[in-house]
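If you want the building blocks of each chain, they are given just below.
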Amino acid sequence: MAEAYDPGNIFAKILRGEIPSHRVYEDDAVVAFMDVMPQGTGHTLVVPKAPSRNMLDADPATLGPLFAVVQKVAVAVKKAFNADGVTLMQFNEPASGQTVYHLHVHVIPRFEDVPLKPHSGQMEKPEALAENAGKIRAALAG
Ligand code: AMP
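Treat the numbers as computed from the prediction; the structure is a model and nothing was measured. Here the residue numbers are simple positions, counted from 1 along each chain's written sequence. Two thresholds apply to this predicted model, a pLDDT of at least 70 for residue-level local features and 80 or more for giving and counting side-chain atom pairs, whereas whole-chain, interface and lining totals are computed over all residues. With hydrogens and water excluded, all non-hydrogen atoms of the structure serve as input to the side-chain values.

**Focus on the overall build of the protein chain**
For step 1, the next point in the chain: Put simply, DSSP marks the helices as runs of H or I at least four residues long and the strands as runs of E at least two long, and each gets a number from the N terminus on. Counting secondary structure elements, the protein chain contains 3 helices and 5 strands.
For step 2, the next point in the chain: Walking the protein chain from its N terminus toward its C terminus, one meets helices and strands in the order α-β-β-β-α-β-β-α.
For step 3, the next point in the chain: Since a compact globule built from 142 residues should have a radius of gyration of about 14 Å, the 14 Å found for the protein chain is in line with a globular shape.
For step 4, the next point in the chain: Over its C-alpha atoms, taken along the principal directions, the protein chain stretches across nearly 45 × 30 × 25 Å. All radius of gyration figures rest on C-alpha atoms, and the globule criterion is 2.2 Å times the number of residues raised to 0.38.

**Comments concerning the packing of helix H2 (residues 60-80) against helix H3 (residues 126-140)**
For step 1, the next point in the chain: One can describe the packing of H2 onto H3 by two numbers: an axis separation of 8 Å at closest approach and a directional angle of 115°. Viewed along their axes, H2 and H3 adopt a mutual orientation that is roughly perpendicular. Every pair of crossing elements has a handedness; the one defined by H2 and H3 is right-handed. When H2 is examined against H3, the residues Lys72, Val73, Ala76, Val77, Lys79 and Ala80 are found in contact with a partner set consisting of Lys135, Ile136, Ala139 and Leu140. Lines fitted to C-alpha atoms define the axes here, with helix axes fitted over just the stretch in contact, and angles between the N-to-C directions of these axes take values from 0 to 180 degrees. Roughly parallel covers angles under 35 degrees, roughly antiparallel covers those over 145, roughly perpendicular covers 65 to 115, and oblique covers all other angles. A crossing counts as left-handed when the near helix is turned anticlockwise from the far one by less than a right angle, and as right-handed when that turn is clockwise. The criterion used for residue contact is that any of the two residues' heavy atoms lie within 4.5 Å.

**Description of the site of the ligand**
For step 1, the next point in the chain: Residues in close proximity to the ligand total 18 residues, the closest being Asp35, Thr99, His104, His106 and His119.
For step 2, the next point in the chain: Polar contacts, as used here, are pairs of N or O atoms within 3.5 Å; protein pairs need one atom able to donate a hydrogen and one able to accept it. Residues neighboring in sequence count only if both atoms are side-chain atoms. Between the ligand and valine 36, the relevant distance is 3.4 Å, taken from a nitrogen atom to a main-chain nitrogen or oxygen of the residue.
For step 3, the next point in the chain: Within the side chain of histidine 106, one N or O atom sits 2.7 Å away from an oxygen atom of the ligand.
For step 4, the next point in the chain: Reported accessibility uses the Shrake-Rupley method at a 1.4 Å probe radius. Residues are deemed covered only where the shown protein chains occlude them. Burial of the ligand by the protein amounts to 93% of the accessible area it has alone, namely 510 Å².
For step 5, the next point in the chain: Listed by contribution, the elements that provide at least two residues to the shell around the ligand are helix H1 (10-15) and strand S2 (30-34).
For step 6, the next point in the chain: Here the shell around the ligand takes 3 residues from H1, the largest share from any one element.
For step 7, the next point in the chain: Gly is put with the polar residues, along with every residue not named as nonpolar or charged; the nonpolar set is Ala, Val, Leu, Ile, Met, Phe, Trp, Tyr, Cys and Pro, and the charged set is Asp, Glu, Lys and Arg. Class assignment for the residues of the shell around the ligand results in 10 nonpolar, 7 polar and 1 charged. Whether a residue is near a molecule or strand depends on its heavy atoms: it is near if one of them lies within 4 Å of it.

**Quick word on the sheet that holds strand S1 (residues 23-26)**
For step 1, the next point in the chain: On the basis of which strands lie adjacent, the open sheet formed by 5 strands has the order S1-S2-S3-S5-S4 and antiparallel pairing. Here the strands that pair on one side only, and so sit at the sheet edges, are S1 and strand S4 (85-89). Direction aside, neighbouring strands of the sheet carry axes that sit 20° apart on average.
For step 2, the next point in the chain: Bridge count between S4 and strand S5 (residues 105-110): 5 bridges; the pairing is antiparallel. Across the sheet, the residue bridging to leucine 88 is valine 107, located in S5. DSSP calls a pair of strands paired once it identifies at least 2 bridges connecting them.

In structure tokens, the structure reads:
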């Protein structure tokens, strides 16, 4: 049987505004904010508001709105950082590398010959996250 959703997970706390995040986008169904341990400059997480652990237990109705925002954010980060490409990642359960159990998609700008940093590696400075969030918000605004 699938594990139950835990409403005490860190992204649920971010969605409820109980802990801070550098938000770049929000609508009725989806929020996007900066990953605090980025694997590359501009690493953003796109998170549906509806609770599910991951893709395995998600309501299919959440996936359309989620991936519409993933696309918007992917286009915006590519523009914001003048990136050569964008990597999308999404993990399901510990064996896959998932560490936070609320569905989310990683959107990471990529540059020729620049490898990704380790997953859940080093904390980024808040000032750098704030600056990058500003660039992404500007790109999203057109
Ligand atoms: P995953 O392995 O897909 O569950 O990845 C969870 C991601 O969340 C990692 O890339 C972490 O760096 C990131 N993360 C953990 N805590 C926070 C937080 N408070 N705010 C933003 N990102 C976080």
